[in-house]
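# Notes for the structure review
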Amino acid sequence: MVEFPDERQLVLGARSRLERWTRSARMEAYAELFEGDDPILSPEEMQLLDALDSELERQGGDGVWGTDQYGIHTAGASSSDTSLGVVCVYHPQITKDSVLRGGDDLDDETEERLNAALWQYSERVATLIEAELDEFVRQAGV
């Protein structure tokens, strides 16, 4: 009889891979959304994000592209009903009073477009991580 890993072991295994999955998903989501023939932001808006990113990194932070955070959640009641998923637990957002402070010259419409793009980026990263998680669970035989 085959021994199936219990949900706790699956979560621990997945969490140990989460950082690697996140790095890979961030690069893929960035390329999909901000590069290529049809980016979701204009070159000027990308310059604003890059300037904010550089400023945050100079201050010793992770920058715009490193502030998003992801977690693995469970929805199953037992190891035979395992349901693992990924959720973005922190979406970066630019506001005048947040970690990602918008410049004084950043108008409300531009701020909203940047925040919508960051939200879309974070959600895409979560989807890509979840695809890795699903494959991990499948390979575990659950």
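Numbers given to residues run from 1 along each chain, matching the order in which its sequence is written. Two thresholds apply to this predicted model, a pLDDT of at least 70 for residue-level local features and 80 or more for giving and counting side-chain atom pairs, whereas whole-chain, interface and lining totals are computed over all residues. The side-chain values count all of the structure's non-hydrogen atoms but skip hydrogen atoms and water molecules.

## Considerations on the overall build of the protein
- Only DSSP runs of H or I reaching four residues or more are called helices, and only runs of E reaching two or more are called strands; each is numbered from the N terminus. When helices and strands are tallied, the protein shows three helices and four strands.
- Reading the secondary structure of the protein in the N-to-C direction produces α-α-β-β-β-β-α.
- In the protein, of all internal contacts separated by at least 6 residues, the share reaching a separation of at least 24 is 65%.
- In the form shown here, the protein has an accessible surface area of approximately 8,600 Å², with 47% of it arising from carbon and sulfur atoms. The contact criterion used throughout is that any non-hydrogen atoms of two residues lie within 4.5 Å. Accessibility throughout is a Shrake-Rupley quantity obtained with a 1.4 Å probe, and a residue counts as covered only by protein chains that appear here.

## Points about the environment of Glu28
- Mapped onto the fold, Glu28 is located in helix 1 (residues 7-34).
- Each C-alpha atom, one on Glu28 and one on Tyr121, is 9.9 Å from the other, the two residues being 93 residues apart in sequence.
- Setting aside chain neighbours within four positions, we find Glu28 in contact with Arg124 and Leu128.

## Structural notes on a nonpolar patch on the surface
- Together, Val87, Val89 and Tyr90 make up a nonpolar patch on the protein surface, roughly 240 Å² of accessible area in all.
- As for its position among the elements, Val87 is in strand 2 (residues 84-90). Only residues whose relative accessible area exceeds 30% and that form no salt bridge enter a patch; like-charged residues are grouped when within 9 Å of one another, and nonpolar side chains (Val, Leu, Ile, Met, Phe, Trp, Tyr) when within 5 Å. By definition, a salt bridge exists where a carboxyl oxygen of Asp or Glu is found within 4 Å of a side-chain nitrogen of Lys or Arg.

## As for the environment of Val137
- Structurally, Val137 is set in helix 3 (residues 108-140).
- In the structure, Val137 is positioned 127 residues away from Leu10 in sequence and 7.2 Å away in space, judged by C-alpha atoms.

## Topic: the nonpolar core
- Membership of the largest hydrophobic core comes to 34 residues, with the highest contact counts inside it found for Phe34, Leu49, Trp65, Ile129 and Leu133.
- Those elements that place two or more of their residues in this core are helix 1, helix 2 (43-58), strand 1 (69-74), strand 2 and helix 3.
- It is helix 3 that provides the largest number of residues to this core, a total of eleven residues.
- Setting aside residues up to four positions removed in sequence, Leu49 forms contacts with Leu41, Val64, Trp65, Ile94, Leu114 and Leu118. We define a nonpolar core as any set of buried Ala, Val, Leu, Ile, Met, Phe, Trp, Tyr and Cys residues linked to one another through side-chain atoms lying within 4.5 Å. Only protein chains enter the accessibility calculation, which uses a 1.4 Å probe; a residue whose area is less than 20% of its type maximum is buried, one above 50% is exposed, and one in between is partly exposed.

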